[in-house]
Amino acid sequence: MLLCFALWTLTQPAFAVPALPHHPNHELHKEIEALEMQWREAQLSNDVSVMDRLLADDYIGISASGIIETKSEALALRRAGSLHITTLDLNDLKVRIYGDTAVVTSRADLEGTNGASNISGKYRYTRVYNRRFGQWKIVSFEASRIHDTNEREKH
């Protein structure tokens, strides 16, 4: 009986397992982490040329206050000089890769101003990269301010 069951299981078609996100090689994660650091440095130094290179033409960002901005709007804001970021510490950075898409989640401790408004605080954000013609481009970004200091320690 056991032999019959063993032979039967060997002749049955394998069931397809749904594709789950897999942990790609270490190099891809490091590449995305390096792009995050390039973006961070560009924010601190207001290097619009680096921002222009990293943002996809169809980029859409959503600020912590709910404002939607395109690539041209984001770059115009930086060129105008009204946004000043003096400290940007990233931690709890996680990268997940899904084919040609990378999703980054992180916490950012930020000090800075946007015009006369102080935007200093602690944030969580999601940034999405898409590989196009062999280059990773930022296609989406969304930030949320952390209001409950106990909440930020849970993640």
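Further up the page is the structure itself.
Residues numbered from 1 in each chain as written. Predicted model: local features only at pLDDT ≥ 70, side-chain atom pairs only at ≥ 80, totals over all residues. Heavy atoms only, no water.

A description of the packing of aromatic side chains should follow, citing residues and the corresponding values.
By the definition in use, this model includes one aromatic pair. Between Tyr125 and Phe141, the ring centres sit 5.7 Å apart and the planes meet at 40°, which makes this aromatic pair tilted. Of this pair, Tyr125 sits in strand S6 (residues 121–132) while Phe141 sits in strand S7 (residues 135–145), and the two are 16 residues apart along the sequence. Residue Phe141 is classed as buried on the basis of its relative accessible area of 19%. (Phe/Tyr/Trp six-rings, centres within 6.5 Å; stacked < 30°, edge-to-face > 60°. Helix = DSSP H or I, 4+ residues; strand = E, 2+ residues; numbered from the N terminus. Buried < 20%, exposed > 50% of the residue type's maximum accessible area, 1.4 Å probe, protein only.)

Kindly report on the environment of Thr86, identifying the contributing residues and their values.
Topologically, Thr86 is positioned in strand S3 (residues 83–98). Its relative accessible area of 59% is what places Thr86 among the exposed residues. Here the alpha-carbon distance between Thr86 and Ser45, two residues 41 residues apart in the chain, equals 8.6 Å. Setting aside anything within four residues of it in sequence, one finds Thr86 in contact with Leu44, Glu111 and Gly112. (Contact = heavy atoms within 4.5 Å.)

Before we move on, could you go through the pairing of S6 and cite the residues and values that matter?
Sheet analysis places strand S4 (residues 101–114) next to S6, joined by 10 bridges and oriented antiparallel. Following the sheet pairing, Ala108 is matched in S6 by Tyr123. Relative to S7, S6 runs antiparallel, the two sharing 10 bridges. Directly across from Arg127, in S7, lies its bridge partner Phe141. Between S6 and S7, which pair antiparallel one after the other, the connecting turn spans two residues, and Phe133 there sits at a positive phi close to 50°. (Pairing = 2+ DSSP bridges.)

With reference to specific residues and values, describe helix H4 (residues 71–80).
Lys71, Ala74, Leu75 and Arg78 are the residues of H4 that are buried. All buried residues of H4 fall inside an arc of 95° around its axis, so they share one side. Those residues of H4 that are exposed and aimed more than 90 degrees away from the buried face are Ser72 and Ala80. Contacts from the buried residues of H4 go to helix H2 (26–45), helix H3 (48–54), strand S1 (55–62), strand S2 (68–70) and S3. Gly81, located one to two residues past H4, shows a positive phi value of around 80°. (Arc of directions from axis to C-beta.)

Tell me about the pairing of S7, and name the residues and values.
As a general feature of sheets, a regular strand has side chains that alternate between the two faces. Note that S1 and S7 share four bridges and pair parallel. Across the sheet, Leu55 pairs through a bridge with Ile138, a residue of S7.

Before we move on, can you summarise the side chain of Asn130 with the specific residues and values?
Along the polypeptide, Asn130 turns up in strand S6. At a separation of 3.3 Å, a polar atom in the side chain of Asn130 contacts the side chain of Thr101. Setting aside residues up to four positions removed in sequence, Asn130 forms contacts with Asp100, Thr101, Gln135, Trp136, Lys137 and Val139. (Polar contact = N/O pair within 3.5 Å; in protein donor to acceptor, adjacent residues only side chain to side chain.)

Can you break down the nonpolar core residue by residue, with the values?
Most often, soluble globular proteins have nonpolar side chains that are buried together. In this structure, Ile32, Leu55, Tyr129, Trp136 and Ile138 are the most contacted members of the largest nonpolar core, which totals 30 residues. When contributions to this core are tallied by element, the ones reaching two or more residues are H2, H3, S1, H4, S3, S4, S6 and S7. (Core = buried A, V, L, I, M, F, W, Y, C linked by side-chain atoms within 4.5 Å.)

Read these as geometric descriptors, not functional statements.
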